[in-house]
Amino acid sequence: TMFLLSARRSIASGVAYGSKIGSLSRSSLPSQLCCRAFSSTSILHNVDNTSHHQHAPQRQKLHIGFASLSNTLPFEAPSNAINGKVGDKELDPRASIMLTALRGGVSSFDCPAPPLIEKNIQSSCKDGTMCWMANRQSEVNIGNAFDQAWEALLEEDDGEALNVTTGEGSAATITCRLGYRAAVVLSEKDANDAKDDTAINDFQEREGKFHGDTRVNVLFAGKAADVDNEDNSSSQPAVVLVHNLSQEYVLHSLRTSPLFEKYKDTETNDNKRVSLISLAHNPETQIAAYLMNNHHQESKTKLLQNARVYMKEALKAAFIGYEIAVTEGLIDGYGVDSNGLSLQPNHDMHLSWRDILECSVDAYLEVHGSENSNERTSSLKTIRLPGNVLETRGVEVANEICSFFGTCGNNGEGNNSSEEGLPTFTEDQSDPLVQQRQKLRKMRCILPSSVEVYVTRPLTAYPHGGTGWDQSSPGLSESGGGFSTPPAFLNGDNGSSTESDGKKIDAKHPVRILDYQVESGPIGQPGELSWTNLHYKEYGPRPSAYQPILNAVLSHFDADAILEASLERELTVEERETLDGCKLIRDMVHDLDASLDTMKSFAAYEEYLVNVAVPLIYGSFEELDEESAGMLQLFFRVHVMAVRMVVSRWTREMLMGGWTSIDPVDEQKISTTIELDKDQEEKMVKIRQILGFGELKGGYNIPDSTTLQEFALKNLLDENAVKGVVVGCSRPEHVLEAVRAADTSNSV
């Protein structure tokens, strides 16, 4: 028979780009099936460290994050040579990334936001520590990784440690986000009975423990006690995701943080080589919470006004906690990391940067009083917001902040700040916005001389800012009908399907601004790595191995022998089932091939394969022989590569907005020219408007020789108002590519 029970695992692992590929080793596969998003030829010492100081200003704008860049990893697991070994010592993957960054003069790192919890979480008992640890695990990981990287840097004794520590201040900066946590849900009786004699257990951070707790999501629904268990010892409480920015919670989190305890500023602390910045994470979540809890009580206009007041009070409370933490030596400064900052002002979830400055002023006065305003200023250091070549609102906001502080010069310094709040005869003095601007101008001496603006997710663009709505929030559509959602985009079935198959972009499946590397060349011959943009130009829109493997798979499942037998005799039950199975697989392969050019989102496509295609195969067959499973696996692997090529090409065309590169006819001319395709321009403008990227006017001139990620990073690094770009890195190579983009940028 044709089937083995390992089929599901084999196929599923074939579509999972970062997983091990079932029972097939890399050496047993055609070389053309390798796919990368970053160059594998990079090794840790390939950064040009000799010109370290020459590129220092640009490289210092890089901030390394550790949230994996989705859909950019190569198929095979990272090799030991790249993932980190110093002498005989194995390095944690995060330490390898940090070590690569420190060697290249990049010394700012971002700690993943808590909680660090698996999707299929199962709650511990109410006296356990599962949630407590989940809320701190990312800090433990980052602290240990930095210690490893720092020790390895010192052991190398090649001068790089000296380069990193040259100048005043700490050797590195670590930013952490604060706001979300995992919390157990306890009844009033359980809460009263729980142990309160230790500082470390889930009871200490249960839902409702702190004023202002707002439930965001349910992580684990809980488990009832067994019927035969009279003491309820087998029951498990639910676990929820909570958001809180109260002063009480901020101080509790900082005082119990293992990372801040390790690096806090004390006279006896020898570990103070790290500057710590804590960021209030997504304050606009408090707006959403107020709207959802009160949307039946007031008109929409009044409701939004009250929601913003509620959010500002929460943010002020957080800043009060931060100002106290600075005086205690727990942190060196604070800031905000918010998606709402990059939303248009008319969006319900919009967060104004002026609100952040005002809350900082109010918090300072609450803690230090007005009499000390001449001696010190607010400890507000950082504002982080999303921004990229599609979501350009973030850069606009960065320029507004830069203009306010007068720091838009090439050095990031300046003397001419904008006259924020200067009264004029045309302004309505009763307007709250006018009053706010005047207050900020009056209290300018309390604010720091500058606030650094960092841009997050530079290679990931979410439709409508990732909110899922153009302007309105859930429950606030003008028609009163509940949810207001953006239109479906190119879903291929008029929106009737609940499954996303990769043919559309939506709030869950963003645009990835990436090119990938695939192996090119004739099948059967050793291939060379080629970027998808260059491969498209030289070989066309498909990987070299795609068509041969497609033909081989269709031929393998043609069932010719069974069809011939059916002409001479009646088929057995087993033969009929095999024939039906072959037909299903051939139809599926034909459909995937036919829909290839309509793909827009690799993440949605992969989700469709894992949740729909693979279960369909598994549910249709009892078992699949090893050769057939291997053929399907090969097809999925090469089809994944083909989808990435199509998606990256579509992304490039959307960014260029109708402009196309024209190669010179004369081979002596090196430069290319570009021309505008009016029909293509109109099409791309419409697509960008549907996806909420309407603020992007015209298009970019992206050379064919430049990868999308290099272009996107350089575009942000060239912005003087942007003082830092947070680049998500899951491998050392990602750091090296970011460093190369910084070295070729023009920004100082």
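Structure: above.
Residues numbered from 1 in each chain as written. Predicted model: local features only at pLDDT ≥ 70, side-chain atom pairs only at ≥ 80, totals over all residues. Heavy atoms only, no water.

Caption draft 1: Local environment of a negative patch on the surface. On the surface, a cluster of negative charge is contributed by Glu574, Glu577, Asp580, Glu622 and Glu623. Along the chain, the position of Glu577 falls in helix H19 (residues 573–594). (Patch = residues over 30% accessible without salt bridge, like charges linked within 9 Å, V, L, I, M, F, W, Y side chains within 5 Å. Areas by Shrake-Rupley, 256 points an atom, 1.4 Å probe, with all protein chains shown as cover. Salt bridge = Lys/Arg side-chain N within 4 Å of Asp/Glu carboxyl O. Lys, Arg positive; Asp, Glu negative; His and termini not counted. Charge placed at Lys NZ, Arg CZ, Asp CG, Glu CD. Helix = DSSP H or I, 4+ residues; strand = E, 2+ residues; numbered from the N terminus.)

Caption draft 2: Quick peek at helix H21 (residues 626–656). The end-to-end C-alpha distance of H21 is 45 Å, a good match for the 45 Å that 31 residues give at a rise of 1.5 Å each. Among the 31 residues of H21, 27 are classified as buried, and the element is accordingly described as predominantly covered. Immediately downstream of H21, the backbone of Gly657 shows phi near 60°, a positive value. (Expected span 1.5 Å × (residues − 1). Buried < 20%, exposed > 50% of the residue type's maximum accessible area, 1.4 Å probe, protein only.)

Caption draft 3: Structural view of the sheet that holds strand E10 (residues 274–281). Here eight strands make up a closed barrel; going around it, the order is E2-E5-E6-E10-E11-E12-E13-E20 and the pairing parallel. Pairwise comparison of adjacent strand axes, ignoring direction, gives a mean angle of 25° for this sheet. Bridge analysis of strand E11 (residues 333–337) against strand E12 (residues 380–386) gives four bridges, and the strand direction is parallel. Across the sheet, Asp337 pairs through a bridge with Arg384, a residue of E12. Across the face of the sheet, helix H24 (residues 732–743) comes into contact with strand E2 (62–65) and strand E20 (724–728) while running at roughly 165° to E2. (Pairing = 2+ DSSP bridges. Axes fitted to C-alpha atoms, helices over the stretch in contact; angles between N-to-C directions. Contact = heavy atoms within 4.5 Å.)

Caption draft 4: Spotlight on the packing of helix H11 (residues 285–294) against helix H12 (residues 300–327). Where H11 meets H12, the closest approach of the two axes is 8 Å, and the angle between their N-to-C directions is 135°. When the axis of H11 is compared with that of H12, the two are oblique. Between H11 and H12 lies a crossing of right-handed hand. On the side of H11, the interface is formed by Gln286, Ile287, Tyr290, Leu291 and Asn294, while H12 contributes Leu303, Leu304, Asn306, Ala307, Arg308, Tyr310, Met311 and Ala314. (Parallel < 35°, antiparallel > 145°, perpendicular 65-115°, else oblique. Left-handed = near helix turned anticlockwise from the far one by under 90°.)

Caption draft 5: A look at the packing of aromatic side chains. Per the counting criterion, the structure on display carries 14 aromatic pairs. Seen from their ring centres, Tyr290 and Tyr310 are 5.3 Å apart, and the 40° between their planes marks the pair as tilted. On the criterion of sequence distance, the pair formed by Tyr290 in helix H11 and Tyr310 in helix H12 is long-range, its members being 20 residues apart. Residues Tyr700 and Phe711 carry aromatic rings whose centres are separated by 5.5 Å and whose planes lie at 75° to one another, so their mutual orientation is edge-to-face. (Phe/Tyr/Trp six-rings, centres within 6.5 Å; stacked < 30°, edge-to-face > 60°.)

Caption draft 6: View of the side chain of Ser601. Following the sequence through the fold, Ser601 ends up in the loop between H19 and helix H20 (602–620). Residue Ser601 is classed as buried on the basis of its relative accessible area, which comes to 1%. Here Ala604 takes part through its backbone nitrogen, which lies 3.1 Å from a polar atom of the side chain of Ser601. (Polar contact = N/O pair within 3.5 Å; in protein donor to acceptor, adjacent residues only side chain to side chain.)

Caption draft 7: Main features of the packing of helix H4 (residues 93–103) against helix H6 (residues 137–156). Where H4 meets H6, the closest approach of the two axes is 8 Å, and the angle between their N-to-C directions is 50°. One way to sum up the angle between H4 and H6 is to call them oblique. H6 is crossed by H4, and the crossing has right-handed handedness. Contacts from Arg94, Ala95, Met98, Leu99, Leu102 and Arg103 of H4 reach H6 at Asn141, Ile142, Ala145, Phe146, Gln148, Ala149, Trp150, Ala152, Leu153 and Glu156. Residue composition of the contact of H4 with H6, by class: eleven nonpolar, two polar and three charged. (Nonpolar A, V, L, I, M, F, W, Y, C, P; charged D, E, K, R; others polar.)

Caption draft 8: Fine view of the sheet that holds strand E9 (residues 239–243). The sheet built from three strands is open, its strands ordered E7-E9-E8 with antiparallel pairing. The open sheet has two free edges, formed respectively by strand E7 (180–184) and strand E8 (214–220), since each of these has just one partner strand. Between one strand axis and the next, the sheet turns by 30° as a mean value, whatever way the strands run. As defined by bridge partners, E7 adjoins E9 across five bridges and the pair is classed as antiparallel.

Caption draft 9: How the structure looks around the pattern of salt bridges. A complete count under the given rule lists 22 salt bridges for this structure. Between Lys262 and Asp147 there is a salt bridge, with the nearest N and O atoms lying 2.8 Å from each other. Pair noted here: Lys262 is in helix H10 (residues 258–263) and Asp147 is in helix H6, with a separation of 115 residues, a long-range link. Among the charged side chains, a network of salt bridges with common partners joins Lys312, Asp355, Glu358, Asp362 and Lys439.

Caption draft 10: Up close: the environment of Gly329. Positionally, Gly329 belongs in the loop between H12 and E11. The class of Gly329 is buried, set by a relative accessible area of 10%. Through-space distance from the C-alpha of Gly329 to that of Glu261 is 9.8 Å; in sequence the pair is 68 residues apart.

Caption draft 11: Expanded view of the environment of Ile401. Inspection of the secondary structure puts Ile401 in helix H14 (residues 393–405). Taking the relative accessible area as the measure of exposure, Ile401 reaches 1% and is therefore buried. Sequence separation of Ile401 and Val722 is 321 residues, and the distance between their C-alpha atoms is 9.9 Å.

Caption draft 12: Seen up close, unusual backbone geometry. Between Pro114 and the following residue, Pro115, the backbone shows a cis peptide bond with an omega angle of -5°. Relative to the elements of secondary structure, Pro115 occurs in the loop between strand E5 (108–110) and helix H5 (130–134). Even without a glycine there, the phi angle at Arg457 is positive, about 35°. Residue placement: Arg457 occurs in the loop between strand E13 (452–456) and strand E14 (460–461). In this structure Arg457 comes out as buried when scored by relative accessible area, which is 18%.

Caption draft 13: Main features of helix H16 (residues 532–539). Those residues of H16 lying buried are Thr532, Asn533 and His535. For H16, the angular spread of the buried residues around the axis is 165°, confining them to a single face. Tucked inside the fold, the buried residues of H16 contact strand E16 (517–520), strand E17 (528–531) and H21. Directly beyond the C-terminal end of H16, a positive phi value near 105° is found at Gly540. (Arc of directions from axis to C-beta.)

Caption draft 14: Structural view of the pairing of E20. Burial of E20 is extensive: five of the five residues sit out of reach of the surface. Direction of pairing for E2 relative to E20: parallel, over a ladder of four bridges. Counted as the bridge partner of His63 is Val726 from E20. Across two bridges, the pairing between E13 and E20 is parallel. Residue pairing in the sheet places Val455 in a bridge with Val725 of E20.

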